[in-house]
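A structural walkthrough
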Amino acid sequence: MKKWAIYTKWHHHDGINDHQAMRDHMSTLKGKTAAVEILWWQVDENHHQSVLVYPDEETAKAERAQLESNRQKDVETVKVKMVEEVQGPVISQFSEL
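Before going into details, it helps to say that this report is about the structure given with it. Here the structure is a predicted model, which is why all the values come from computation and not from measurement. Residue numbers restart at each chain and count upward from 1, following the sequence in its written direction. Side-chain atom pairs in this predicted model are given and counted only at pLDDT of 80 or more, local residue features only at pLDDT of at least 70, and totals for whole chains, interfaces and linings cover all residues. In computing side-chain values, all of the structure's heavy atoms are included and hydrogens and water are not.

A word on the overall build of the protein
Applicable threshold: What counts as a helix is a DSSP run of H or I of at least four residues, what counts as a strand is a run of E of at least two, and both are numbered from the N terminus. Here the radius of gyration uses the C-alpha set of atoms, whereas the globule reference equals 2.2 Å times the residue count to the power 0.38. Working definition: with a 1.4 Å probe on protein chains only, accessible area under 20% of the residue-type maximum means buried, over 50% means exposed, and in between means partly exposed.
Looking only at helices and strands, the protein features three helices and four strands. Ordered by position from N to C terminus, the α and β elements of the protein give β-α-β-β-α-α-β. Scaling as 2.2 N^0.38, a compact globule of 97 residues should have a C-alpha radius of gyration of about 13 Å, and the protein matches this with 14 Å. Projecting the C-alpha coordinates of the protein onto the three principal axes gives extents of approximately 40 × 25 × 25 Å. Counting across all 97 residues of the protein, residues that qualify as buried make up 28%.

Printed below as a string of structure tokens:
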């Protein structure tokens, strides 16, 4: 398996937006990312976590500058701060067994 995953955890200074606002925000990424999957989930009132899955590490690295730019916009407009980021190769995926 060649897929590459990037996990992040975010803190929302003013609390997490309602879920529809999060979906609307995610929809702006449609057609603008090489990620094959993006998942966001709420941890508590002020934190969400995410996983981006790319077809391979090279694609993830090629899109890194765009990802950083998008993140910076979110930091400024949504008042979020990244708490943690981890990335690495996907070693198993249930939907592909």
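Next comes the rest of the write-up.
A word on the sheet that holds strand β3 (residues 47–54)
Rules: DSSP-based pairing: two strands are paired if at least 2 bridges between them are found. Interaxial angles span 0 to 180 degrees and are taken between N-to-C directions of axes, which are lines fitted to C-alpha atoms, for helices over the stretch in contact.
Within the open sheet, the four strands sit side by side as β2-β3-β1-β4. Their pairing is antiparallel. A strand with exactly one partner marks an edge of an open sheet, and here the two such strands are β2 (37–44) and β4 (80–89). The sheet shows a mean angle of 15° between the axes of neighbouring strands, taken without regard to direction. As judged from the eight bridges shared by strand β1 (residues 4–12) and β3, these two strands associate in the antiparallel manner. Bridging across to β3, T8 finds its partner in S50.

Observations concerning the side chain of H48
For the record, the criterion: Polar contacts, as counted here, are pairs of nitrogen or oxygen atoms within 3.5 Å of one another; within protein the pair requires one atom able to donate a hydrogen and one able to accept it, and residues that are adjacent in sequence qualify only if both atoms are side-chain atoms.
Relative to the helices and strands, H48 resides in strand β3. Only 2.8 Å separates the side chain of H48 from the side chain of H12, close enough to count as a polar contact.

Things to note about the environment of H47
Counted only if it meets this: Contact criterion: two residues are considered in contact whenever any of their non-hydrogen atoms come within 4.5 Å of each other.
Structurally, the position occupied by H47 is in strand β3. C-alpha separation for the pair H47 and W10, spaced 37 residues apart in sequence, amounts to 5.5 Å. When neighbours within four sequence positions are excluded, H47 is seen to be in contact with K9, W10, H11, H12, I16, Q42 and V83.

Describing the side chain of K3
By the element assignment, K3 lies in the segment before β1. Polar contacts involving the side chain of K3 include one to the side chain of Q93, which spans 3.0 Å. For K3, the side chain forms a polar contact with the side chain of E96, separated by 2.5 Å. Once residues lying within four places of it in the same chain are set aside, the contact partners of K3 are V53, Y54, P55, D56, P89, V90, Q93 and E96.

Some words on a nonpolar patch on the surface
Applied cut-off: Only residues whose relative accessible area exceeds 30% and that form no salt bridge enter a patch; like-charged residues are grouped when within 9 Å of one another, and nonpolar side chains (Val, Leu, Ile, Met, Phe, Trp, Tyr) when within 5 Å. Each accessible area is a Shrake-Rupley estimate made with a 1.4 Å probe; only the visible protein chains count as cover when residues are assessed. Any carboxyl oxygen of Asp or Glu within 4 Å of a side-chain nitrogen of Lys or Arg constitutes a salt bridge here.
A cluster of nonpolar side chains, contributed by L39, W41 and V43, occupies part of the molecular surface with about 260 Å² of accessible area. Along the chain, the position of L39 falls in strand β2.

Taken by themselves, the reported measurements are silent on function.
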